[in-house]
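# Topology and contacts: notes
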Amino acid sequence: MGGRGSRSKLPAGSGRERVKFENDALGWDGKEIDLSDSPLAYGDKDPNLSDEARKAIEAFENKRVKAKIEFGLGTDANGVPVEKELRGGSGSVKPTWKIYFDAEVFSHNHPRSKEPGTLGGTFSTGDLSCFTSWQKIKTMRATAAEGTYSISKKDNFDARGFRAYYKQAEQACSDRFHKTTADLLHQYTYTDMTGKEYREACTRAFNKYLVETHNALRDGAKTYGYDYTLERRS
């Protein structure tokens, strides 16, 4: 984490999560990403992992965060892997039935080796579909250069309500992103905007979309019965 941007801090009263907003973050290539127009919210460590599970999962995350393809690991509540590490492709890793039935914690990495200047980003809709449908999985994590996103079901988790909420929220974020890129393409085509300026503006728009989806997941946590945070890398 770069840590040189301006910060704002929400009051942390009794029982409230401590949240800090950062104006920059490290990308996959180790270079800083300017997030001054869409600050990224970092929170506390996910409290739902046992010490043993956190130790095992963070070891996997630290090992694979720089990988060019996705890897996945599922453990039980005590951090014992339910099977060997999974190997995927540049955009996904497919969990097995063994993960589905036996894992309580599942983590994977979000590589951006082909997209310099972009955040790894929070969970995809596919990730969250698995999270809501898997009965045994309590915690899902996605590790990226900027930190690790973690979501955990609470006893009152409303899977159906959450799916409907996030489908609508993500669509709104996506619509804004596509409108922005359409406007940028118009500027690039009909004004003196350079190709470099166009590409950089599109990257900023994509990062803003990722931050907005992250914020949508933060906003829905209390209503739909889950814990959600972006952890700084240990």
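Right above here is the structure, for reference.
Description of the structure in this document. Numbering of residues starts from 1 in each chain and follows the order in which that chain's sequence is written. In keeping with the model being predicted, local features are shown solely for residues with a pLDDT of at least 70 and side-chain atom pairs are shown and tallied solely at 80 or more, while totals for entire chains, interfaces and linings include all residues. The side-chain figures draw on all heavy atoms in the structure; neither hydrogens nor water molecules are used.

### A look at the overall build of the protein chain
Tallying secondary structure elements over the protein chain gives five helices and 11 strands in all. We take the radius of gyration over the C-alpha atoms and set the globule estimate at 2.2 Å times the residue count to the 0.38 power. Taking 17 Å as the expected radius of gyration for a compact globule of 234 residues, we find that the protein chain reaches 18 Å, a close match to that expectation. For the C-alpha atoms alone, the extent of the protein chain along its principal axes is close to 60 × 40 × 35 Å. Only protein chains enter the area calculation, which uses a 1.4 Å probe; residues under 20% of their type maximum are buried, those over 50% are exposed, and those in between are partly exposed. When each of the 234 residues of the protein chain is scored for burial, the buried share is 47%. Summed over all atoms, the accessible surface of the protein chain reaches about 12300 Å², with 50% contributed by carbon and sulfur. Note that His is not counted, nor are the chain ends; the positive residues are Lys and Arg, and the negative ones are Asp and Glu. A single reference atom marks each charge: NZ on Lys, CZ on Arg, CG on Asp, CD on Glu. Each charge class in the protein chain was averaged separately, 38 positive and 34 negative side chains, and the resulting centres sit 2 Å apart. Secondary structure follows DSSP: runs of H or I at least 4 residues long count as helices, runs of E at least 2 residues long count as strands, and numbering of each begins at the N terminus. Surface exposure here means Shrake-Rupley accessible area, sampled with a 1.4 Å probe, where a residue is shielded only by the protein chains that are shown.

### Points about the packing of aromatic side chains
Ring pairs are drawn from Phe, Tyr and Trp, using the six-membered ring of Trp, whenever the two centres fall within 6.5 Å, and their geometry is named by plane angle: stacked under 30 degrees, edge-to-face over 60, tilted for the rest. Tallying each qualifying case throughout the model produces 16 aromatic pairs. For the ring pair Phe157 and Tyr226, a centre distance of 6.4 Å and an interplane angle of 80° mean the geometry is edge-to-face. A residue pair is termed long-range when its members are at least 10 positions apart, and Phe157 in the loop between β10 (147–153) and α4 (159–190) and Tyr226 in strand β11 (residues 226–231) qualify at 69 residues. For the pair formed by Phe157 and Tyr226, the shared burial category is buried. Through a chain of ring-to-ring contacts, the aromatic side chains of Trp97, Tyr100, Phe101, Phe106 and Trp134 assemble into a single cluster. Only Lys NZ and Arg CZ are tested; either one counts as a charge over a ring when it is within 6 Å of the ring centre and within 35 degrees of the ring normal. Against the face of Trp28 rests Lys66, its NZ or CZ located 5.9 Å from the ring centre.

### Quick word on helix α3 (residues 125–133)
Along α3, the positions that sit buried rather than exposed are Asp127, Leu128, Phe131 and Thr132. Each buried residue of α3 lies within a common arc of 125° when the element is viewed along its axis, so the set occupies one face. Contact partners of the buried residues in α3: β8 (105–109), β9 (139–144), β10, α4 and α5 (195–224). Working definition: the arc comes from the directions between the helix axis and the C-beta atoms, pointing outward to the latter. Two residues form a contact once any of their heavy atoms are found within 4.5 Å.

### Considerations on α5
Here, expected helix span is obtained from the residue count minus one, scaled by 1.5 Å. If you check α5, its first and last C-alpha atoms are 43 Å apart, about what 30 residues at 1.5 Å a residue would give, namely 44 Å. Among the residues trailing α5, Gly225 stands out with phi positive, at a value near 75°.

### Comments concerning empty space enclosed by the protein
A cavity here means a set of 1 Å grid points, computed over protein atoms only, where a 1.4 Å probe fits but cannot escape. A pocket is an open set with protein on both sides within 12 Å along at least 5 of 7 lines, and lining residues have an atom within 4 Å of a point. Grid points are joined across faces, edges and corners, and a volume is the space filled by probe spheres set on the points. Taken as a whole, this structure holds two cavities of 30 Å³ or more when the rule is applied. Counted as a void, the largest cavity has a volume near 50 Å³. Together, Lys45, Glu58, Glu61, Asn62, Arg141, Thr148, Glu231, Arg232, Arg233 and Ser234 line the largest cavity. Its residues placed into classes, the lining of the largest cavity shows no nonpolar, three polar and seven charged. Three classes are used: nonpolar for Ala, Val, Leu, Ile, Met, Phe, Trp, Tyr, Cys and Pro, charged for Asp, Glu, Lys and Arg, and polar for all others, with Gly counted as polar.

### Remarks on the nonpolar core
Phe123, Ile151, Phe162, Leu217 and Tyr226 are the most contacted members of the largest nonpolar core, which totals 40 residues. Among the elements of the structure, β5 (40–42), α3, β9, β10, α4, α5 and β11 are those that each provide at least two residues to this core. Here this core gets nine residues from one element, more than from any other, and that element is α5. Ignoring anything within four residues of it in the chain, the contact list for Phe162 reads Leu128, Thr132, Ile151, Phe157, Leu217, Tyr224 and Tyr226. Listed in part, the eight residues of the second largest apolar core include Leu49, Phe60, Ile69 and Leu73. What we call a nonpolar core is a set of buried Ala, Val, Leu, Ile, Met, Phe, Trp, Tyr and Cys residues that are connected through their side-chain atoms within 4.5 Å.

### Re the environment of Thr191
Summarising the element assignment, Thr191 is placed in the loop between α4 and α5. When the C-alpha atoms of Thr191 and Trp134 are compared, they prove to be 50 Å apart, with 57 residues separating the residues in sequence. In this structure the side chain of Thr191 is engaged in a polar contact, spanning 2.4 Å, whose partner is the backbone oxygen of Gln187. Looking at Thr191, its side chain comes within polar contact range of the main-chain nitrogen of Met193, at 3.3 Å. The term polar contact refers here to a pair of N or O atoms within 3.5 Å; inside protein, the definition further demands a hydrogen-donor-capable atom paired with an acceptor-capable atom, and it admits residues adjacent in sequence only when both atoms are side-chain atoms.

Function-wise, these values are silent; they only describe arrangement.
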